[in-house]
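Structural features, examined
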Amino acid sequence: MNSALKNTALGIQHVLAMYAGAVIVPLIVGGAIGLTTEQLTYLVAIDILMCGVATILQVMSNRFFGIGLPVVLGCTFTAVGPMIAIGGDYGVSAIYGAIIVSGVVVILISGFFGKLVKFFPPVVTGSVVTIIGITLIPVAINNMGGGQGAEDFGSVSNILLAFGTLLFIVLLYRFSTGFIKAISILIGIVGGTIVATFMGKVDFSPVRDSDFFHMIQPFYFGTPTFEASPIITMTLVAIVSLVESTGVYFALGDMLGKKIEKEDLTKGYRAEGIAVVLGGVFNSFPYTTFSQNVGLMQISGVKTKTVIYITGAMLIVLGFIPKIASLTTIIPESVLGGAMIAMFGMIVAQGIKMLSKVVSDTEDNSMIIACSIGIGLGVTVVPELFDSLPTSMKILTSNGIVAGSVTAIVLNIVFNMIPRRKIS
């Protein structure tokens, strides 16, 4: 096989590895905030396209942006819960206003984010990721039943489809290896949809009615609006994504034998910030590095930027073809719900993994984790708790993710950063 064909095949493999993670975010968020099938098709298409743009921005390196490593960017799962909450409380325009501002903040802090990292150690980021994962589980359960408000909610057919999809994913994950294991969720969703087709639960009309080609347009969902609480929420999400990306940068640097300097990190953060701003302008999502593609590079042994450029170009081309994007919108809610349990559970597991490294360090860390997760989950379940507070205070208390995150940051400062006075 010549090098061009080999690189193309590897590019396709990278697209497949990140595709499920890329399309599932718009499907979940779009479904939760009540978008039409046409709007959902556009959302999936523009998301795929912007994943390609964000990837190329990061792989190329110039004086201003781009870390210059073979890294693939996709939507961050960390943003799913916050975006659904913002869409429900403030409307879709506030989601994109908050995303744009959070991207600008990332660009502004990129030069000295290394100094801010001390405020976001694993005990804080692990708590935030765990809170986000836990708050997403009810979304998955509703989808398993057929979607909130569905006429056949909780029907035997929906339950069988949801748990059948989940079981298929679990078995694939357990008994496969390498690339098949990496895309087990994507295969599970395809398998569940095929079974649902024979059960008469799949409507192919969105695929028939969609165009083969479309042009993208900024502010497709209208002029963005700017609200304080959503902006704080998405800025916290963006910062957590930067911390996650930092780990991926160093992992890639180690794989390639390249020392990652402060200037490299600054350009990497800046590229991520630009990608987030573009995501807001074109009504897509915040982007972060995808670790599954790093794993794929380890499996394949090919770690060149050429392959990732091809991956980015493929994603951009796919984004102009709504016919392909519309295929994802026909997935039944119950099939999606079964896959969501695995995906959102993995977010919780990732948070626990981050916390497991620090929970035994000191009893203080246990208190930080206990209070932040307790507050975050509590406010999510009983949001009316703080209804009597002034509006300025409710900015920090109306959203469980913000409340839990702020609790973790403040307690980390109290326990781990303020010097202790010795008692004589």
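Details of the structure are given in the entry above.
Now for a look at the structure at hand. (Residues numbered from 1 in each chain as written. Predicted model: local features only at pLDDT ≥ 70, side-chain atom pairs only at ≥ 80, totals over all residues. Heavy atoms only, no water.)

1. So, the pattern of salt bridges
Threshold: The term salt bridge refers to a pairing of a side-chain nitrogen on Lys or Arg with a carboxyl oxygen on Asp or Glu at a separation within 4 Å. Segments assigned H or I by DSSP are reported as helices when at least four residues long, segments assigned E as strands when at least two residues long, and all are numbered from the N terminus. Residue burial is assigned from relative accessible area. The probe radius is 1.4 Å, only protein chains are included, and a residue is buried under 20% of its type maximum, exposed over 50%, and partly exposed in between.
As enumerated under the stated definition, the model contains 1 salt bridge in all. Its salt-bridge partner being Asp152, residue Lys201 comes within 3.2 Å of it at the nearest N-O pair. Residue Lys201 is located in the loop between helix H9 (184–198) and helix H10 (205–209), and its partner Asp152 is located in the loop between helix H6 (122–144) and helix H7 (156–175); the two are separated by 49 residues in the primary sequence. You can call Asp152 partly exposed: its relative accessible area is 33%.

2. As for the nonpolar core
Nonpolar side chains in soluble globular proteins tend to be buried together. Rules: The nonpolar core is taken to be a set of buried Ala, Val, Leu, Ile, Met, Phe, Trp, Tyr and Cys residues, with the residues joined through side-chain atoms within 4.5 Å. Throughout, a contact is declared for two residues whenever any of their heavy atoms are within 4.5 Å.
Residues Val25, Met83 and Phe344 are the most contacted members of the largest nonpolar core, which totals 112 residues. Counting residues per element, this core draws most heavily on helix H11 (residues 228–256), at 13 residues. Discounting chain neighbours no more than four positions away, the residues touching Val25 are Cys75, Phe77, Val80, Met83 and Phe285.

3. What to know about unusual backbone geometry
Residue Phe219 is not a glycine yet carries a positive backbone phi of 55 degrees. The topology assignment puts Phe219 in the loop between H10 and H11. Its identity as a non-glycine residue notwithstanding, Asn283 has a phi of 60 degrees, on the positive side. Relative to the assigned elements, Asn283 resides in the loop between helix H12 (262–281) and strand E2 (287–289).

4. Concerning the side chain of Ser205
As a reminder, the rule being used: Whenever two N or O atoms come within 3.5 Å, that pair is a polar contact, provided that in protein one can donate a hydrogen and the other can accept it, and provided that, for residues adjacent in sequence, both atoms are side-chain atoms.
Relative to the helices and strands, Ser205 is located in helix H10. Here the side chain of Ser205 touches Asp203 through a polar contact of 2.8 Å, side chain to side chain.

5. Concerning the side chain of Arg270
Quick note on the threshold: A residue counts as positive if it is Lys or Arg and as negative if it is Asp or Glu; His and the chain ends are not included.
With respect to the helices and strands, Arg270 occurs in helix H12. Nearest to the buried, unbridged Arg270 among oppositely charged side chains is Glu263, at 10 Å.

6. As for a nonpolar patch on the surface
To keep things clear, this is the line we draw: Nonpolar side chains (Val, Leu, Ile, Met, Phe, Trp, Tyr) within 5 Å and like charges within 9 Å form the patches, drawn only from residues with over 30% relative accessible area and no salt bridge. Accessible surface area values rest on a Shrake-Rupley calculation with a 1.4 Å probe, where residue burial reflects the displayed protein chains alone.
On the surface, Leu377, Val381, Val382 and Leu385 cluster together into a nonpolar patch covering about 350 Å² of accessible area. Mapping Leu385 onto the fold places it in the loop between helix H17 (363–381) and helix H18 (391–397).

7. Overview of the packing of helix H2 (residues 37–59) against helix H15 (residues 322–329)
We count it as follows: Fitted lines through C-alpha atoms give the axes, limited to the stretch in contact for helices. The angle between two N-to-C directions lies from 0 to 180 degrees. Crossing handedness is defined as follows: a turn of the near helix away from the far one that is anticlockwise and smaller than a right angle gives a left-handed crossing, while the clockwise case is right-handed. Three residue categories are used. Nonpolar comprises Ala, Val, Leu, Ile, Met, Phe, Trp, Tyr, Cys and Pro, charged comprises Asp, Glu, Lys and Arg, and polar comprises the others, including Gly.
Running from N to C, H2 and H15 point in directions that differ by 115 degrees, and their axes come no closer than 8 Å. The two elements H2 and H15 meet at a crossing, and its hand is right-handed. Where H2 abuts H15, its residues Thr37, Leu40, Thr41, Val44 and Ala45 lie against Pro322, Ala325, Ser326, Thr328 and Thr329. Tallied by class, the residues present in the contact of H2 with H15 amount to 5 nonpolar, 5 polar and no charged.

8. So, the packing of aromatic side chains
Going by this rule: Think of it this way: a Phe, Tyr or Trp ring, Trp meaning its six-membered ring, pairs with another when their centres are within 6.5 Å, and the plane angle makes it stacked under 30 degrees, edge-to-face over 60, tilted otherwise.
Taken as a whole, this structure holds 6 aromatic pairs when the rule is applied. Between Phe64 and Phe65, the aromatic rings sit 6.2 Å apart at their centres with planes inclined by 90 degrees, giving edge-to-face as the arrangement. Look at Phe65 and you get buried, because its relative accessible area is 15%. Ring centres 6.2 Å apart and planes at 0 degrees place the aromatic pair Tyr96 and Phe221 in the stacked group. Of the two residues, Tyr96 is situated in helix H4 (residues 92–109) and Phe221 in the loop between H10 and H11; the sequence distance between them amounts to 125 residues. Residue Phe221 is classed as buried on the basis of its relative accessible area of 14%. Linked through ring pairs, Tyr42, Tyr96, Tyr220 and Phe221 together constitute an aromatic cluster.

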